[in-house]
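Here is what each chain is made of, one letter per residue.
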Amino acid sequence: MVVREKILDTVVSCFKRHGAKGLDTPAFELKDMLTEKSEENFGLMYDLKDQGGELLSLRYDLTVPFARYLAMNKLKKMKRYQVGKVWRRESPAIVQGRYREFCQCDFDIAGQFDPMIPDAECLKIICEILSGLQLGDFLIKVNDRRIVDGMFAVCGVPESKFRTICASMDKLDKMSWKDVRHEMVVKKGLAPEVADRIGDYVQCHGGISLLEEMFQDPRLSQSKQALEGLRDLKLLFEYLTLFGIAEKISFDLSLARGLDYYTGVIYEAVLLKPAAQAGVESLNVGSVAAGGRYDDLVATFDPKGYKVPCVGLSIGVERIFYIVEQKMKTLGEKVRTSETQVFVATPQKNFLRERLKIIAELWDAGIKAEMLYKENPKLLTQLHYCEDMGIPLVVIIGEQEQKEGTLKLRSVASREEVAIKRENLVAEIQKQLSLS
């Protein structure tokens, strides 16, 4: 939890720096709301038992509930972040930080704005968060749904197969092109020559020069849709250059993002393996952040079909938790699981009442303090506890101190002790804590 809270704090403070307000929505939604938005997630959903009334399911992401919230409240624009649990009936893979219940952190900008300005900010946020968490080098792959659909059309994919071929293409980060091609041709009945045409494109990735090249591509430039996408990406790259993050971004024609609701720019951030450790089995956790533009989702929840364009991102914090924990294990870092600053101890019997009085005074002054729940604990046991828990200071009361109206203040690390006046207890501790 300590590691998680620290990571979430970094993520949320970045969202707030960009002016987002927090939102919370229920853990469950109406089942039909969730199913009609994403056919392929149908099997991944946890349904609540039918007990009469509406059928409900646990949410599998935070985007669909956000769109439903915007439509229900007739909101035309909102910049919001949400951190919450979501549930998917997948087979868990602990190694990749994949679970059936996991935490998502989303940031979205809803509203009609000039092209690519909010989209560029979303990519900037991903860069700020991943740099801030110091996970090592990363790359954000960018593509556009219109380029994907345009590419499918000019390659000869029948429109009825767009979504299913797109789902196969989405596996390219986990499977080789040879295996994906096999799935497209053998399992999904795509003509081999069509698959080969797609293959020529999906192996392209680069920067602004690849974008220019695609404008000139004899096949792709035939698609009006693809050209719109390319024009938007060109503008996006201009803004990313101004934000100083263009070198972190790669235009990648293999990026498809499986979800049906994306309509424009799509992106996915991946951690790059350090070259020096090429021989060592490194953690392959896949993408650590992703998102895109979905301009039609809110309209599907609105009885009048009112459109609210949106763009957003999701930070894969479970995967990040896993990476950070593994890193700490490797480096042998120890984490303090509690924040106690002071321990109240005694070397003698019959000092429980004194300890209770002292600890209450510390708590009332806002100092984080603990003591052992025993009437007459041994001094050694108390000191060992402080060492194990990483508690920096000990206040000691015994017969000698009681007689003199003093207390001993001991530093756990250096084992040095100083006598302080009983009435200066809080002030002395605050002084010590401000120094450490």
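Predicted model only: the values in this text are computed from it and were never measured. (Residues numbered from 1 in each chain as written. Predicted model: local features only at pLDDT ≥ 70, side-chain atom pairs only at ≥ 80, totals over all residues. Heavy atoms only, no water.)

Peer 1: Pulling in residues and values, what's your account of unusual backbone geometry?
Peer 2: The backbone phi angle of Lys 74 is positive, close to 50 degrees, even though this residue is not glycine. Position of Lys 74 relative to the elements: it lies in the loop between α3 (63-72) and β4 (78-87). For Lys 74, a relative accessible area of 57% gives the class exposed. For Arg 415, which is not glycine, the phi dihedral falls at a positive 65 degrees. As for its position among the elements, Arg 415 is in the loop between β15 (406-411) and β16 (417-421). (Helix = DSSP H or I, 4+ residues; strand = E, 2+ residues; numbered from the N terminus. Buried < 20%, exposed > 50% of the residue type's maximum accessible area, 1.4 Å probe, protein only.)

Peer 1: Can you break down the domain arrangement of the protein residue by residue, with the values?
Peer 2: For the protein, the assigned domains read domain 1 (1-331) and domain 2 (342-435). The C-alpha centroid of domain 2 is placed 53 Å from the C-alpha centroid of domain 1. (Domains from an automatic or database assignment.)

Peer 1: I'd like to hear about the packing of aromatic side chains, residue by residue, with values.
Peer 2: Counted by the stated rule, this structure contains six aromatic pairs. Put simply, the rings of Phe 15, Tyr 81 and Phe 107 pair up and form one aromatic cluster. Residue placement shows Arg 80 over the ring face of Phe 66; its charged tip is 4.1 Å from the ring centre. Across the ring face of Phe 138, the terminal group of Lys 248 is positioned such that the distance to the ring centre comes to 4.6 Å. (Phe/Tyr/Trp six-rings, centres within 6.5 Å; stacked < 30°, edge-to-face > 60°. Lys NZ or Arg CZ within 6 Å of the ring centre and 35° of its normal.)

Peer 1: Go over helix α8 (residues 192-202), please, and point to the residues and values.
Peer 2: Within α8, burial applies to Val 194, Ala 195, Ile 198, Gly 199, Tyr 201 and Val 202. Take α8 and look down its axis: the buried residues cluster within an arc of 160 degrees, on one side only. Of the surrounding secondary structure, the elements contacted by the buried residues of α8 are α5 (145-155), α6 (162-169), α7 (177-187) and α9 (208-216). (Arc of directions from axis to C-beta. Contact = heavy atoms within 4.5 Å.)

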